[in-house]
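# Overview (structure and organization)
The primary structure of each chain is shown beneath.
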Amino acid sequence: MIGVDIGGTGIKGGIVSLKNGKLVGERFRIPTPQPATPEAVSEVVAQIVDELCSREDAPDVKAPVGVTFPGIIQHGVCRLAANVDKSWIGVDINALLSERLQRPVEVINDADAAGLAEVRYGAGEDVDGTVLVITLGTGIGSAFIFDGKLVPNAELGHLELDGFDAESKASAVARERDGLSWEEYSVKLQRYFSHVEMLFSPELFIVGGGISKRADEYLPRLDLRTPIIPAKLKNEAGIVGSASG
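Described below are features of the structure shown in this document. (Residues numbered from 1 in each chain as written. Predicted model: local features only at pLDDT ≥ 70, side-chain atom pairs only at ≥ 80, totals over all residues. Heavy atoms only, no water.)

This brings us to the overall build of the protein. When helices and strands are counted, the protein shows seven helices and 14 strands. In terms of C-alpha radius of gyration, the protein reaches 17 Å, essentially the compact-globule figure of 18 Å for 245 residues. Principal axes of the C-alpha set define a box for the protein whose edges measure 50 × 35 × 30 Å. In the protein, which comprises 245 residues, the share counted as buried stands at 53%. In the protein, the proportion of contacts linking residues at least 24 apart, taken out of those at least 6 apart, comes to 63%. Total accessible area computed for the protein in this model is approximately 11300 Å², and 50% of it derives from carbon and sulfur atoms. The positive charge centre, built from 24 side chains, and the negative charge centre, built from 35, are 2 Å apart in the protein. (Helix = DSSP H or I, 4+ residues; strand = E, 2+ residues; numbered from the N terminus. Rg over C-alpha atoms; globule rule 2.2 N^0.38 Å. Buried < 20%, exposed > 50% of the residue type's maximum accessible area, 1.4 Å probe, protein only. Contact = heavy atoms within 4.5 Å. Areas by Shrake-Rupley, 256 points an atom, 1.4 Å probe, with all protein chains shown as cover. Lys, Arg positive; Asp, Glu negative; His and termini not counted. Charge placed at Lys NZ, Arg CZ, Asp CG, Glu CD.)

This next bit is on a positive patch on the surface. Together, Arg27, Arg29, Lys213 and Lys234 give the surface a local cluster of positive charge. Inspection of the secondary structure assignment puts Arg29 in strand E3 (residues 28–31). Given a relative accessible area of 43%, Arg29 falls into the partly exposed group. (Patch = residues over 30% accessible without salt bridge, like charges linked within 9 Å, V, L, I, M, F, W, Y side chains within 5 Å. Salt bridge = Lys/Arg side-chain N within 4 Å of Asp/Glu carboxyl O.)

Quick look at the sheet that holds strand E10 (residues 149–151) now. The strand order E10-E9-E8-E13-E14 describes an open sheet built from five strands, whose pairing is mixed. Strands at the two margins of the open sheet, each flanked by one partner only, are E10 and strand E14 (228–230). Sheet twist, expressed as the mean angle between neighbouring strand axes with direction ignored, is 30°. Of the pairings in the sheet, the one linking strand E8 (residues 130–136) to strand E9 (residues 140–146) comprises seven bridges and is antiparallel in character. Directly across from Val131, in E9, lies its bridge partner Ile145. Where helix H3 (residues 110–121) meets the sheet, its contacts fall on E8, E9, E10 and strand E13 (204–208), and the angle it forms with E9 comes to roughly 45°. (Pairing = 2+ DSSP bridges. Axes fitted to C-alpha atoms, helices over the stretch in contact; angles between N-to-C directions.)

A separate point is the packing of helix H1 (residues 38–53) against helix H2 (residues 93–101). Contact pair H1 / H2: the axes reach a minimum separation of 10 Å and the direction vectors enclose 50°. Judged on the interaxial angle alone, H2 and H1 are oblique. For the element pair H1 and H2, the recorded crossing hand is right-handed. Facing Pro38, Ser42, Glu43, Val45, Ala46 and Val49 of H1, the residues of H2 in contact are Leu96, Leu97, Arg100 and Leu101. (Parallel < 35°, antiparallel > 145°, perpendicular 65-115°, else oblique. Left-handed = near helix turned anticlockwise from the far one by under 90°.)

Once that is clear, we can look at the environment of Leu180. By the element assignment, Leu180 lies in the loop between helix H5 (172–177) and helix H6 (182–200). Residues within four places of Leu180 in sequence aside, it is in contact with Arg175, Tyr185 and Lys188.

The next subject is a negative patch on the surface. Judged by side-chain charge, Glu125, Asp126, Asp128, Asp147 and Glu203 come together as a negatively charged surface patch. Along the chain, Asp147 falls in the loop between E9 and E10. You can call Asp147 partly exposed: its relative accessible area is 44%.

Next up on the list: the packing of aromatic side chains. Within the structure shown, the criterion is met by seven aromatic pairs. Where Phe69 meets Trp88, the ring centres are 4.6 Å apart and the plane angle is 50°; that geometry is what we call tilted. On the criterion of sequence distance, the pair formed by Phe69 in strand E4 (residues 65–69) and Trp88 in the loop between strand E6 (77–80) and H2 is long-range, its members being 19 residues apart. Here the two residues Phe69 and Trp88 agree in accessibility, since each one is buried. Considering the side-chain rings of Tyr185 and Tyr218, the 6.2 Å spacing of their centres and the 75° angle between planes classify their relative orientation as edge-to-face. Taken together, the residues span a long stretch of sequence, with Tyr185 in helix H6 and Tyr218 in the loop between E13 and E14 at a distance of 33 residues. Summarising the burial analysis for this pair, Tyr185 and Tyr218 share the class buried. Feature note: the residues Trp182, Tyr185 and Tyr218 constitute an aromatic cluster, connected by ring pairs. Against the face of Phe164 rests Lys169, its NZ or CZ located 4.3 Å from the ring centre. Over the ring of Trp182 we find Arg175; its NZ or CZ atom is 3.9 Å from the centre of that ring. (Phe/Tyr/Trp six-rings, centres within 6.5 Å; stacked < 30°, edge-to-face > 60°. Lys NZ or Arg CZ within 6 Å of the ring centre and 35° of its normal.)

Everything listed here is a matter of coordinates, which is why it stays silent on function.
Spelled out as structure tokens, the structure:
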């Protein structure tokens, strides 16, 4: 399957083996157009799919394509786009991309895709019960998985904490913006994860996003009942999850 991951700075795609969740060949990336309107982004997605389809290991030209999007997706329609162009709100992304690519397209929230990838092929494989995959980046993304099945659009980054949207204080971008040391940032994460733990009592937290590469700087500082570990699939999680969704 082909998977495409739409992000705020880059759009990347790859051919994914559904047997093991690994990319077949190199991923292909194009910078996200600015402004990132539906029309502009759909053109870039088409360029990426065209390039991947030219490869020897490409699936059939009419095979479905999985796509991630950084917003709430309900039956293929964007309902909320907190960190992307507001022109996406109300757009039927499934229909838009299916028409542009002339093949079936299934769109999924980006954090949901990363969560599916991690429980199927990564850090959450074979874990029963509730697994929460939390991505720390521009905002805070989240995926709620129960016994291997996705509960879609769990926007846990928008929980209110101390009168603020949680992601405004505890995202990776918030750490950089506020100039927080890892110790100071860990205090913010402790407050956030303790609250989420109290609400859902998960079996496992998996932390993704680019900042997961520095997990040793903050995860050991957290005091939780729930095991908390870094994601395994890193930057490939969105591509793999979109293809396998």
